[in-house]
Amino acid sequence: MKGNEMQEKEELFAFIERAERNVLEGKELERAELIRLLAIDPDSEACDRLGQAGRRVASRVTGDRAYLWGAMGVDYKACPMNCDFCSLGEAWGIVEPDHERDFSETEIIENVRDYAENKVRWIVLRTTEFYSLEVLSELIGKIRRAVPGRYEIGLNVGEFDLEKANALYRAGVDFVYHSLRLREGRDTRFRPDERLKTLRAVKDSPLKLVFLVEPIGIEHSNEEIADICLCAIEHQAIVTGGMARVPVPGTPLGVHPQITENRLAQIIAVTRLAGGSRVPDICVHPATPKAMCFGANVAVVETGSIPRDSCCLPKEKWNQFDAQTAGEWFEQAGYTLYAGPEMQ
Ligand code: SF4
């Protein structure tokens, strides 16, 4: 290695150390700092150092507690919003009309029971854009009555205003998954301000927000990733992190390969440092052991209709990634899986 390359490397190591120290002292990293961390070569020694910093911050912030997120795709339906990465987009013709179906109430309740019995802390009912919020609100009460436990229940649904957010909270909804997606309005048919309005409604209501940087692809710049990460923090997400775009053949973005495991782990480490003590829990999807070693303490177990795949899985878990596998991976990465903040 030449002298100036060596010097650059040393400077980068020192920058990572400084960033970690600042985060541990409660300082917020600036956008330019996040971009510099995201610009590190994901296959380099410097990136390994970044990951170790992410893991140390995770230890300090979470006490090495890991949690599970259980997502259930309630309706397997063609969605008229046609997001360029989603298998459910009507225009891509992947969901055939005669295969469309909604989970029955019994199936939903049974899946919630399965999650609750397997230490899933956050259980989320996910739907396509126009699923009735009234139906879901009613369902929440039925689920609570049928499945006892201290799990938290949430929704990943379409757009809504503050009045609706308050009504969802009164109906028993604890949290909402919502995000401003990368290239919203370009790779999706949504106006970014519509999505931001819903995010503001959640922030102004008692609902908690979960907002990952997603769906990350090779097409996204470090600046775009940093901006969405800061947007999640600004909207007071209690969980952020990173979700890779899984290329679904037949969707417009399905032609681009998925980001590498190392790149996803790097982004996790950056979201961990960016979140600091403000966003205690960092989620990776799809989970990898490396991302956990880089600071992710939340993993997703999915069932039902999956926007990342062309299938609907009424009973199985997507990619065969279940609570037990997640627990083993977390343990190998030095965490202990908890069912909730005070429960093991
Ligand atoms: S991501 Fe959501 S809104 Fe977009 S097409 Fe898929 S289900 Fe519809």
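First, a word on scope: everything that follows refers to the structure included in this document. (Residues numbered from 1 in each chain as written. Predicted model: local features only at pLDDT ≥ 70, side-chain atom pairs only at ≥ 80, totals over all residues. Heavy atoms only, no water.)

Position of Gly93 relative to the elements: it lies in the loop between β2 (75-76) and β3 (101-102). For Gly93, a relative accessible area of 48% puts it in the partly exposed group. Separated by 15 residues in sequence, Gly93 and Ala78 have C-alpha atoms that sit 7.9 Å apart. (Helix = DSSP H or I, 4+ residues; strand = E, 2+ residues; numbered from the N terminus. Buried < 20%, exposed > 50% of the residue type's maximum accessible area, 1.4 Å probe, protein only.)

The subject of this paragraph is the site of the ligand. Near the ligand, the surroundings consist of Cys79, Met81, Asn82, Cys83, Cys86, Thr128, Glu129, Arg181 and Phe190. A per-class count over the shell around the ligand returns five nonpolar, two polar and two charged. (Near = heavy atom within 4 Å. Nonpolar A, V, L, I, M, F, W, Y, C, P; charged D, E, K, R; others polar.)

On to the environment of Glu331. Tracing the backbone shows Glu331 in helix α11 (residues 323-332). The spatial distance from the C-alpha of Glu331 to the C-alpha of Thr271 is 21 Å, given a sequence separation of 60 residues.

Let's shift gears to the side chain of Lys317. Its location among the elements puts Lys317 in the loop between β12 (312-313) and α11. Overall, Lys317 belongs to the buried group, its relative accessible area being 14%. A distance of 2.9 Å separates the side chain of Lys317 from the side chain of Asp114, its partner in a polar contact. If we skip the residues at most four places from it in the chain, Lys317 touches Asp114, Tyr115, Val301, Glu302, Thr303 and Asp322. (Polar contact = N/O pair within 3.5 Å; in protein donor to acceptor, adjacent residues only side chain to side chain. Contact = heavy atoms within 4.5 Å.)

Let's shift gears to the packing of helix α2 (residues 31-38) against helix α9 (residues 261-275). For the pair α2 and α9, the least separation of the axes is 10 Å and the interaxial angle reads 155°. For the element pair α2 / α9, the angle class is roughly antiparallel. The crossing of α2 and α9 is right-handed. Counting all contacts with α2, which are made through Leu34, Leu37 and Leu38, the residues of α9 involved are Arg263, Gln266, Ile267, Val270, Leu273 and Ala274. (Axes fitted to C-alpha atoms, helices over the stretch in contact; angles between N-to-C directions. Parallel < 35°, antiparallel > 145°, perpendicular 65-115°, else oblique. Left-handed = near helix turned anticlockwise from the far one by under 90°.)

So, on to the packing of aromatic side chains. One pass over the structure, following the stated rule, counts six aromatic pairs. Consider the rings of Tyr67 and Trp122, whose centres lie 5.7 Å apart with planes at 70°: the pair is edge-to-face. Residue Tyr67 is found in strand β1 (residues 65-73), and its partner Trp122 is found in strand β4 (residues 120-126); the two are separated by 55 residues along the sequence. Neither residue differs from the other here; Tyr67 and Trp122 are each classed as buried. Summarising the aromatic geometry, the rings of Trp69 and Phe175 are spaced 5.1 Å apart at their centres and angled 50° between planes, so their arrangement reads as tilted. With Trp69 in strand β1 and Phe175 in strand β6 (residues 175-177), this pair connects stretches of sequence that are 106 residues apart. On the basis of relative accessibility, which here comes to 7%, the residue Trp69 falls in the buried class. Judged by relative accessible area, Phe175 falls into the buried class, the value being 0%. Within the aromatic cluster, the residues linked to one another by ring pairs are Tyr67, Trp69, Trp122, Phe175 and Tyr177. Over the face of the ring belonging to Tyr338 we find Arg65, whose NZ or CZ atom lies 3.8 Å from the ring centre. The lysine or arginine in question, Arg121, covers the ring of Tyr67, its NZ or CZ lying 4.5 Å from the ring centre. (Phe/Tyr/Trp six-rings, centres within 6.5 Å; stacked < 30°, edge-to-face > 60°. Lys NZ or Arg CZ within 6 Å of the ring centre and 35° of its normal.)

Cis geometry marks the peptide bond from Glu214 to Pro215; its omega dihedral reads -20°. By the element assignment, Pro215 lies in strand β8 (residues 213-216). The residue after His285, namely Pro286, is reached through a cis peptide bond having omega -10°. Note that Pro286 resides in the loop between β10 (281-285) and α10 (289-293). Phi is positive for Asn319, which is not a glycine, with a value near 60°. Relative to the elements of secondary structure, Asn319 occurs in the loop between β12 and α11. Look at Gln320: it is not a glycine, yet its phi comes out positive at around 55°.

This brings us to helix α7 (residues 192-204). Look at α7: 18 Å from first C-alpha to last across 13 residues, which is about the 18 Å you get at 1.5 Å a residue. On its buried face, α7 is in contact with α6 (162-170), β6 and β7 (208-210). (Expected span 1.5 Å × (residues − 1).)

It is worth spelling out the state of the cysteines at this point. Here the structure, examined in full by the defined rule, presents zero disulfides. In this structure Cys231 is not part of a disulfide, and its nearest cysteine sulfur, from Cys229, lies 9.8 Å away. Using a relative accessible area of 9% as the deciding quantity, one classes Cys231 as buried. (Disulfide = S-S within 2.5 Å.)

Among the nine residues of β1, eight are classified as buried, and the element is accordingly described as predominantly covered. Pairing of β1 with strand β11 (residues 298-305), which is carried by seven bridges, proceeds in the parallel orientation. Bridging across to β11, Gly73 finds its partner in Gly304. Two elements, β1 and β4, share six bridges in a ladder whose sense is parallel. Within the sheet, the bridge partner assigned to Leu68 lies in β4 and is Val120. (Pairing = 2+ DSSP bridges.)

Keep in mind these values describe shape, not function.
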